[in-house]
Amino acid sequence: MNDRSFVAAQDFLLSAKTFWTTTLYGAVRDSYADKASSSQDEASASVEAVAEALEDTTLYQFYAWLERHLQRMKYAGRYGLVSYHDERRAAFLDSLDQIESEGRLLELNENLDLPAYYTGVDIHQHPGGVWSDALAGIVYERGARTTTPLLGAAGKDVHERFTDVALGDGAPKTVLDMGCGFGKSTQPFYRRLPDSRIEAVDLAAPCIKLAAGMAQKAQAKNVRFRQMNASNTDYASGSFDLVTSTMVLHELPPKTIGEFLDEAFRVLSPGGRMVNLDFYSLPDAFRRFIHHGHARRNNEPYMGPLAEMDLSALLKSKGFVDVEIVPFKESDDIDLEANESWRFPWTVIAATKPDGCTS
Ligand SMILES: C[S@@+](CC[C@H](N)C(=O)[O-])C[C@H]1O[C@@H](n2cnc3c(N)ncnc32)[C@H](O)[C@@H]1O
């Protein structure tokens, strides 16, 4: 496949996804509002009632079909990201090998046991997941650019906005980014805190190799990417002033979420803050129904369970204080109330390890 065909096919998919995100989502929302106003109060509806109203309609089935298959075609098939990169494998591998020799930024662990919840699913329909193929990190980075088409290139990036929230007015000396992927979530921290030590861990070797490559290009001296399970790290207790994660919790089963929070608590210094960005706050039954459907159609088996957990109670039971769970505006243009187009239910989930706590 030549570059032109690949770019044309991916542009088409992106346009179709924009149509899905705006026009089609709006039509499904309006169709439900019409049905709800003729039967019951929309605000007090249950997810089951929304399902009952929509699931058999051609409109909703078209919406659901397009949601699943646009993502599938982005990655798989003749013009998908996997084929495109596979055909250029040698060149892409070459670029990764140059990074691997840079030991200061990168620590791989080929003996790391990958959990079954992780290897058992092609997460967000990425064939082989983000860990099994040497090019998975590069493919994932390319795919992630178009996950939310409305955000595009305009305005301040989601990870920059999240970093504003996580740092506030502070400048923590030590930061841990748990589940850093290809390092997009880590970049603003190592760029903005040149005098701090930034550590980032992830299970996926192909992702952290790419992350280290980008840090090398940026000539960063204060960051290290390590292949490690975030729920079970080798850091000493109390090592970090700030522990962060972005879009990781929804990829963990509930039991692992508990272990992840325990580990965050352990490695935080007393008074240290944990700040996560994830998909959680769903203001009504319609959006809850849409979110659960997205999870099923996009191979995100733990996204639904996270949305139903009582995170505030869980965090308090782990010993955290100052728990804050608040909607996050991923763009200046978003009106959180308006429900104009499809969006993830972005939420900041933050909590503090109490001062004087030594465990
Ligand atoms: C959706 S990605 C988010 C990556 C990055 N934080 C970002 O915002 O771009 C989720 C990441 O979590 C990683 N992950 C899942 N379970 C993990 C675990 N137990 N320990 C470390 N990383 C994990 C995956 O490999 C993947 O890179």
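None of the values given here were measured: they were computed from a predicted structure. (Residues numbered from 1 in each chain as written. Predicted model: local features only at pLDDT ≥ 70, side-chain atom pairs only at ≥ 80, totals over all residues. Heavy atoms only, no water.)

J.: Which residues make up the site of the ligand, and what values do they have?
T.: Near the ligand there are 19 residues, and of these Tyr118, His159, Gly179, Asp202 and Thr246 occur at the shortest range. One nitrogen or oxygen atom from the side chain of histidine 159 is found 2.7 Å from an oxygen atom belonging to the ligand. At 2.8 Å from a nitrogen atom of the ligand is found a main-chain nitrogen or oxygen belonging to glycine 179. When isolated, the ligand has an accessible area of 600 Å², and the protein chains bury 97% of it. Classifying every residue of the shell around the ligand by side-chain character gives 11 nonpolar, six polar and two charged. (Near = heavy atom within 4 Å. Polar contact = N/O pair within 3.5 Å; in protein donor to acceptor, adjacent residues only side chain to side chain. Areas by Shrake-Rupley, 256 points an atom, 1.4 Å probe, with all protein chains shown as cover. Nonpolar A, V, L, I, M, F, W, Y, C, P; charged D, E, K, R; others polar.)

J.: Which residues make up the pairing of strand S6 (residues 268-279), and what values go with them?
T.: Of all the 12 residues making up S6, nine are buried; the element is thus mostly covered by neighbouring parts of the structure. In terms of strand pairing, strand S5 (residues 240-246) meets S6 through six bridges, oriented parallel. The partner of leucine 242 across the bridge, within S6, is arginine 273. Between the parallel elements S5 and S6, the chain passes through helix H11 (residues 254-267) in a crossover that is right-handed. Relative to strand S8 (residues 346-352), S6 is paired through seven bridges, and the arrangement is antiparallel. If you follow valine 275 over to S8, its bridge partner there is alanine 350. (Buried < 20%, exposed > 50% of the residue type's maximum accessible area, 1.4 Å probe, protein only. Helix = DSSP H or I, 4+ residues; strand = E, 2+ residues; numbered from the N terminus. Pairing = 2+ DSSP bridges. Right-handed = clockwise from strand over helix to strand, strands pointing away.)

J.: Describe the domain arrangement of the chain, naming the residues involved and giving the relevant values.
T.: Each assigned domain of the chain is listed here: domain 1 (3-81) and domain 2 (158-352). Facing the 20 residues of domain 1 at the interface are 16 residues of domain 2. A buried area of about 1700 Å², summed over both sides, lies between domain 1 and domain 2, and 62% of it is on carbon and sulfur atoms. Applying the counting criterion to the domain 1 and domain 2 interface returns one salt bridge. Between glutamate 67 and arginine 297 there is a salt bridge, and its shortest N-O distance comes to 2.3 Å. For the interface between domain 1 and domain 2, the tally reads nine residue pairs in polar contact (both at pLDDT 80 or more). The set of elements that each furnish at least two residues to the side of domain 1 that touches domain 2 consists of helix H1 (3-39), helix H2 (47-54) and helix H3 (58-75). Per-element tally for the side of domain 1 that touches domain 2: the top contributor is H1, with seven residues. Split by residue class, the side of domain 1 that touches domain 2 holds 12 nonpolar, four polar and four charged. (Domains from an automatic or database assignment. Contact = heavy atoms within 4.5 Å. Buried area = accessible area lost by both parts, 1.4 Å probe. Salt bridge = Lys/Arg side-chain N within 4 Å of Asp/Glu carboxyl O.)

J.: So, the nonpolar core: which residues are in play, and what are the values?
T.: Counting residues in each nonpolar core, the largest one holds 61 residues, and the members touching the most others are Tyr63, Phe189 and Phe225. Among the elements that make up this core, the one with the highest residue count is H1 (eight residues). Counting residues domain by domain, this core receives three or more from each of domain 1 (3-81) and domain 2 (158-352). If we ignore the near neighbours within four places in the chain, the residues touching tyrosine 63 are Trp20, Leu24, Tyr25, Val28, Ile290, Arg297 and Trp342. Core analysis: the next-biggest nonpolar cluster, separate from the first, contains 38 residues, Leu176, Ala230, Ile257 and Cys357 among them. (Core = buried A, V, L, I, M, F, W, Y, C linked by side-chain atoms within 4.5 Å.)

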